[in-house]
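These are the residues of each chain, in order.
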Amino acid sequence: MSKDMKRLFSLLFIIPALYSCSIAQNTQQKYADLITAESSRKHLTTLSSVEFEGRGTGQEGGRKAAEYIANEFKSYELAAPVNGSFYQPVALQQIAYQVENFSIDGETWINGKDFYVQADHDIQDFSANEIIFVGYGIQHANYNELSGIDVKGKIVLLINESEPTDETGKSLITKENNKSEWSSSRFKRIQELTKLQPAAIFSTSSQVAEMLAEMKGRLTGGRVMLDDGSNTNRNITQAVPVINISVATADKLLAKANTSVKKFKEEANRSFNPSAVRINTSFLATMGVKVEKLSDPNVLGLLEGSDLKDEIIVISGHYDHDGILPDGTIFPGADDNGSGTVGVLELARAFSQAKKEGNGPRRSILFIGLAAEEKGLLGSKYYTENPILPLANTVACLNLDMIGRIDDKHLAGNHNYIHAIGTDKLSSELKQITEASNKEYTQMEIDFTYDDPKDPMRLYYRSDHYNFAQKGIPSAFFFSGLHPDYHTPNDTVDKIDFPMMVKREKLVFHITWEIANRSQRLAVDSNKE
């Protein structure tokens, strides 16, 4: 056979292989292209709208978001894997200090606006006809403002900062220029006053007004945790409530006794004449800690694979955000994490359409909208402790959390990027697939900065993929980075870069396609920090 004939036969074998590869790539790209800016914008505009009220855990907006995701999964004809339901209720408990009523001389004060309380006692009633002002509340041999004063069972007001000095600036306590621990310690005077068993303490300082302005109703939200049935044994460590008020508010009370914070400080610096000032005012309140059961659900939709259907890939993104505050302030959470939630929906729709047209994945894909991430990765923790599908058969978790913006690091540079976090922590192959998929289809800069265990942000440990990684499942966190609107009411849909968001969604689609259809499951061959 001539050399020319040999070349011809070689080409006849190579061309079908190349043609088959090209067809496969075109098929994959066809379904990736179902993910569009238009469809992503439509979802995100809805999820970050006023109607969804910031998708808060335990709030109506969070319930609406879960219902929206479930309805989308149903429309894609995904299977409902939780005994015929898309919902996996997550057993939660919210422990919050609640103020049922609070009034001074008949005027209602609002918790989180006019004051905030630090305490952990059970709900109880408070009633008094006077408030005892004890100045700085210092109890020291050189300056004891509580000497001979009985505050047991009484309502007390103190100035919770600084200490008296003489005309040269020397502390009246230390007799030196350096201040005593009564002002250097944040807690000392409250702790010492608590030992005298007052019923409640009003505490004022120059920081309170700023705290109330910055934190708004977030000071009153309490904490949410998984409900393990242990709340009945709750330890009470601060039985005396500390009611923090601004200096301006304290002055309104002190005006009833013809003094003010400033006037007291000036007089205290001139001479030491400790004597309790009795403020004639009525105080009524009902307040304390309440434990409330919540059951915000994880939302699951299953696309069953073909010959390797018993192996599962998890595509996740948390749908919750900071919700709505008592004063009506809404945190839309368009980027955090409306964007990742939309990514889960878009991938679910694209893979579902592929299956309908006979190009479904070999492995099964479990799409999850996770609850209560903002409360401590609780939805993913609950799922990994109560898996609907075996974790031993779960080959990867790809988590989308904030994929819609350009972060501070890249704002003045390359916008065509994505942070990929944790791809090689457990599996070298996951990182290889990520890089190969990007090179073939999306051509972004993949920023691996946050994989450095010395990075102070420690982002690998701060999103839902981490609970899967702790179970030995190769997991990655896809992220566009932090920005000034993070966890503020300004995280709105108009600031989303939809072309880049779609690129990031498509990269995760291509990675998933490869993992779902390759012959072998990902190797677990790494154990990096």
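Residues numbered from 1 in each chain as written. Predicted model: local features only at pLDDT ≥ 70, side-chain atom pairs only at ≥ 80, totals over all residues. Heavy atoms only, no water.

Chemist: Lay out the overall build of the protein chain with the relevant residues and their values.
Modeler: For the protein chain, the helix and strand inventory stands at 13 helices and 19 strands. For the protein chain, the C-alpha radius of gyration of 30 Å lies well beyond 24 Å, the compact-globule estimate for 529 residues. For the protein chain, the spread of C-alpha atoms along the three principal axes comes to 115 × 50 × 40 Å. Within the span of the protein chain, comprising 529 residues, buried residues form 51% of the whole. Long-range pairs, those at least 24 residues apart, make up 83% of the contacts in the protein chain between residues at least 6 apart in sequence. Total accessible area on the protein chain stands at roughly 23,700 Å², and carbon and sulfur atoms take up 49% of it. Taking the average place of the 57 positive charges on the side chains of the protein chain and the average place of its 70 negative ones, the gap between the two points comes to 2 Å. (Helix = DSSP H or I, 4+ residues; strand = E, 2+ residues; numbered from the N terminus. Rg over C-alpha atoms; globule rule 2.2 N^0.38 Å. Buried < 20%, exposed > 50% of the residue type's maximum accessible area, 1.4 Å probe, protein only. Contact = heavy atoms within 4.5 Å. Areas by Shrake-Rupley, 256 points an atom, 1.4 Å probe, with all protein chains shown as cover. Lys, Arg positive; Asp, Glu negative; His and termini not counted. Charge placed at Lys NZ, Arg CZ, Asp CG, Glu CD.)

Chemist: An account of the sheet that holds strand β14 (residues 308-318) is requested, with residue identities and associated values reported.
Modeler: Pairing in this open sheet of eight strands is mixed, and the strands run β1-β13-β15-β14-β16-β19-β17-β18 from one edge to the other. With one partner strand each, in any of the chains shown, β1 (87-89) and β18 (445-447) form the two edges of the open sheet. Strand-to-strand, the axes of this sheet are offset by a mean angle of 25 degrees, without reference to chain direction. Sheet topology places β14 next to strand β15 (residues 363-370); eight bridges connect them, and they run parallel. Across the sheet, the residue bridging to I313 is I365, located in β15. The strands that helix α3 (residues 60-75) touches are β1, β13 (297-303) and β15; relative to β13, the one it contacts most, it runs at about 10 degrees. (Pairing = 2+ DSSP bridges. Axes fitted to C-alpha atoms, helices over the stretch in contact; angles between N-to-C directions.)

Chemist: How would you summarise the packing of aromatic side chains if you had to cite specific residues and measurements?
Modeler: Following the criterion strictly, the structure yields 21 aromatic pairs and no others. Members of the aromatic cluster, joined through ring pairs, are F102, W109, F115, F202 and F283. Between R504 and the ring centre of Y417, over which it is positioned, the NZ or CZ distance is 4.8 Å. (Phe/Tyr/Trp six-rings, centres within 6.5 Å; stacked < 30°, edge-to-face > 60°. Lys NZ or Arg CZ within 6 Å of the ring centre and 35° of its normal.)

Chemist: Which residues make up the pattern of salt bridges, and what are the values?
Modeler: All chains considered together, the criterion is met by 22 salt bridges. For E130, the salt bridge goes to R278, with nearest N and O atoms at 2.9 Å. Linking E130 in strand β5 (residues 124-133) with R278 in strand β12 (residues 277-294), this pair joins segments that are 148 residues apart in sequence. On the basis of relative accessible area, E130 is assigned to the partly exposed category, the value being 23%. On the accessibility criterion, R278 (44% relative accessible area) is partly exposed. Where E181 meets K188, a salt bridge forms, and the shortest distance between an N and an O atom there is 3.6 Å. For E181, a relative accessible area of 49% corresponds to the partly exposed category. (Salt bridge = Lys/Arg side-chain N within 4 Å of Asp/Glu carboxyl O.)

Chemist: Kindly report on the packing of helix α2 (residues 37-47) against helix α9 (residues 334-356), identifying the contributing residues and their values.
Modeler: Helix packing geometry: the angle between the two helix axes and the distance between the axes. Contact pair α2 / α9: the axes reach a minimum separation of 9 Å and the direction vectors enclose 135 degrees. Relative to α9, α2 is oriented oblique. Seen along the crossing, α2 lies across α9 with a hand that is right-handed. Listed contacts from α9 to S39, S40, H43, L44 and L47 of α2 are A334, G338, S339, T341, V342, L345, E346 and R349. Split by residue class, the contact of α2 with α9 holds five nonpolar, six polar and two charged. (Parallel < 35°, antiparallel > 145°, perpendicular 65-115°, else oblique. Left-handed = near helix turned anticlockwise from the far one by under 90°. Nonpolar A, V, L, I, M, F, W, Y, C, P; charged D, E, K, R; others polar.)

Chemist: So what's going on with the pairing of strand β19 (residues 475-479)? Residues and values would help.
Modeler: In terms of burial, β19 is largely enclosed, as five of its five residues are buried. The alternating pattern of β19 places S475, F477 and F479 on one face and A476 and F478 on the opposite face, and all of these are buried. Relative to β19, strand β16 (residues 394-400) runs parallel, the two sharing four bridges. Residue pairing for β19: N399 is matched across the bridge by F477.

Chemist: Tell me what's going on with the side chain of N244, and back it up with residues and numbers.
Modeler: Take N244: it is sitting in strand β11 (residues 242-245). Side-chain polar atoms of N244 contact the side chain of Q118, separated by 3.0 Å. A distance of 3.5 Å separates a polar atom in the side chain of N244 from the backbone oxygen of V242. Beyond its immediate stretch of four places on either side in the chain, N244 contacts D114, F115, Y116, Q118, S203 and V208. (Polar contact = N/O pair within 3.5 Å; in protein donor to acceptor, adjacent residues only side chain to side chain.)

Chemist: Can you explain unusual backbone geometry? Please cite residues and give values.
Modeler: The step from D336 to N337 runs through a cis peptide bond, and the omega angle for that step is -10 degrees. Inspection of the secondary structure assignment puts N337 in helix α9. Phi is positive for N83, close to 55 degrees, though the residue is something other than glycine. Looking at where N83 falls in the secondary structure, it is placed in the loop between α3 and β1. The exposed category is assigned to N83, whose relative accessible area is 82%. Despite not being glycine, D105 shows a phi value in the positive range, around 50 degrees. As for its position among the elements, D105 is in the loop between β2 (92-104) and β3 (107-108).

Chemist: Account for helix α13 (residues 498-517), naming residues and giving values.
Modeler: What sets the pattern is the α-helix's 3.6 residues per turn: residues three or four places apart point alike. Spanning 20 residues, α13 covers 28 Å between terminal C-alpha atoms, matching the ideal 28 Å at 1.5 Å per step. With 16 of 20 residues buried, α13 is to be regarded as a mostly interior element. (Expected span 1.5 Å × (residues − 1).)

Chemist: Mind laying out the nonpolar core, listing which residues take part and the relevant values?
Modeler: Formed by 68 residues in total, the largest nonpolar core has its most connected members in F73, I315, F367, L398, F509 and I515. For this core, the element with the most residues is α13, which contributes 11 residues. Apart from residues lying up to four places away in sequence, F73 is in contact with L78, F86, V299, L300, G301, V344, L345, A348 and F367. Formed by 36 residues, the second largest nonpolar core is a distinct cluster that contains I95, F115, Y136 and A268. (Core = buried A, V, L, I, M, F, W, Y, C linked by side-chain atoms within 4.5 Å.)

Chemist: Explain the environment of A239 residue by residue, including any values.
Modeler: Tracing the sequence through the fold places A239 in the loop between β10 (223-226) and β11. Sequence spacing of A239 and A200 is 39 residues, and the spatial spacing of their C-alpha atoms is 9.0 Å. Every residue in contact with A239, bar those within four places of it in the chain, is listed here: D120 and H121.

Chemist: A description of helix α11 (residues 428-442) should follow, citing residues and the corresponding values.
Modeler: In this model α11 runs 21 Å from its N-terminal to its C-terminal C-alpha over 15 residues, within 8% of the 21 Å that 1.5 Å per residue would give. Listing the buried residues of α11 in full gives L430, I433, T434, S437, N438, Y441 and T442. The arc that holds the buried residues of α11, viewed along the axis, is 130 degrees, so those residues lie on one side. A distance of 3.3 Å separates the backbone nitrogen of E429 from a side-chain oxygen at the start of α11, and that oxygen is part of S427. Looking one or two residues past α11, Q443 carries a phi angle of roughly 50 degrees, positive in sign. (Arc of directions from axis to C-beta.)

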